[in-house]
Amino acid sequence: MGRVRINVPPNGRGPGGKKDTITVYLGVACMNSSKGLPWEDNQEPDTRNYVIGKGTHTPYVVVTNAEVLKFLSLLEDKPHLNLTRHQNPLDVYDPDYVEPEWMKPYNTIQTMFWKITDGQGLTEADLRELLEAVKG
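In short, a report on the structure.

Definitions and limits used
- Residues numbered from 1 in each chain as written.
- Predicted model: local features only at pLDDT ≥ 70, side-chain atom pairs only at ≥ 80, totals over all residues.
- Heavy atoms only, no water.
- Axes fitted to C-alpha atoms, helices over the stretch in contact; angles between N-to-C directions.
- Helix = DSSP H or I, 4+ residues; strand = E, 2+ residues; numbered from the N terminus.
- Parallel < 35°, antiparallel > 145°, perpendicular 65-115°, else oblique.
- Left-handed = near helix turned anticlockwise from the far one by under 90°.
- Contact = heavy atoms within 4.5 Å.
- Nonpolar A, V, L, I, M, F, W, Y, C, P; charged D, E, K, R; others polar.
- Buried < 20%, exposed > 50% of the residue type's maximum accessible area, 1.4 Å probe, protein only.
- Arc of directions from axis to C-beta.
- Core = buried A, V, L, I, M, F, W, Y, C linked by side-chain atoms within 4.5 Å.
- Salt bridge = Lys/Arg side-chain N within 4 Å of Asp/Glu carboxyl O.

## A closer look at the packing of helix 2 (residues 104-117) against helix 3 (residues 124-134)
Direction vectors running N to C along helix 2 and helix 3 enclose 155 degrees, while the axes themselves pass 9 Å from each other. Judged by the angle between their axes, helix 2 and helix 3 are roughly antiparallel. Crossing of helix 2 against helix 3: the hand is left-handed. Two secondary-structure elements touch here, helix 2 through Pro-105, Thr-108, Ile-109, Met-112 and Lys-115 and helix 3 through Asp-126, Glu-129, Leu-130, Ala-133 and Val-134. Of the residues that constitute the contact of helix 2 with helix 3, the class distribution is six nonpolar, one polar and three charged.

## Quick notes on helix 3
Buried residues of helix 3: Asp-126, Leu-130 and Val-134, and no others. Within helix 3, the buried residues cover an arc of 55 degrees as seen down the axis, which keeps them to one side. The outward face of helix 3, more than 90 degrees from its buried face, is lined by the exposed residues Glu-124 and Arg-128. Contact partners of the buried residues in helix 3: helix 1 (66-73) and helix 2.

## Comments concerning the nonpolar core
Here is a general trend for soluble globular proteins: nonpolar side chains tend to be buried in one another's company. Val-68, Phe-71, Leu-75, Leu-81, Ile-109, Met-112, Phe-113, Ile-116, Leu-130 and Val-134 form the largest nonpolar core, which has 10 residues in total. Mapped onto this core, the elements with two or more residues apiece are helix 1, helix 2 and helix 3. With four residues, the single largest contributor to this core is helix 2. Sequence-distant contacts of Val-134, that is, excluding residues within four places in its chain, are made with Leu-75, Lys-78, His-80, Leu-81 and Ile-109.

## Quick notes on the pattern of salt bridges
Within this structure, the stated rule accounts for three salt bridges. Lys-115 is the partner of Asp-126 in a salt bridge, and the nearest nitrogen-oxygen pair spans 2.8 Å. With a gap of 11 residues between them, Asp-126 in helix 3 and Lys-115 in helix 2 connect regions that are remote in the sequence. With relative accessibility at 9%, the residue Asp-126 sits in the buried group. In this structure, the salt-bridge partner of Lys-135 is Glu-132, at a minimum N-O distance of 3.0 Å. Its relative accessible area of 52% is what places Lys-135 among the exposed residues. Judged by relative accessible area, Glu-132 falls into the partly exposed class, the value being 47%.

Purely geometric numbers; function is a separate question.
Take a look at the structure:
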């Protein structure tokens, strides 16, 4: 959790002077489970399979809630949770969908986060489940 510096070659050239691209995977959590799916309007070819499309996210700090801040602190200093791949959010609607093993900690994080933002908060059992899911 927190800021990450991403160095991008300013001239569009990567190692060896060749044109290069960079992919950065950002883990995001939805704060309100009852809100619409943010990618429903993403129908452009380059945004269709991504949770946040072009121009729909401006990073800024808005959270001052003590329970949310405590929750976020449980995820700090866990480099093993850094994302290294992408999952199309629409895949979960496939009738043959099976949750990939690598996604399980992230889905647990999201579920527990919603228990704070849209529910009554975390129980001791929830906290144990969360800590087990994110242990390194």
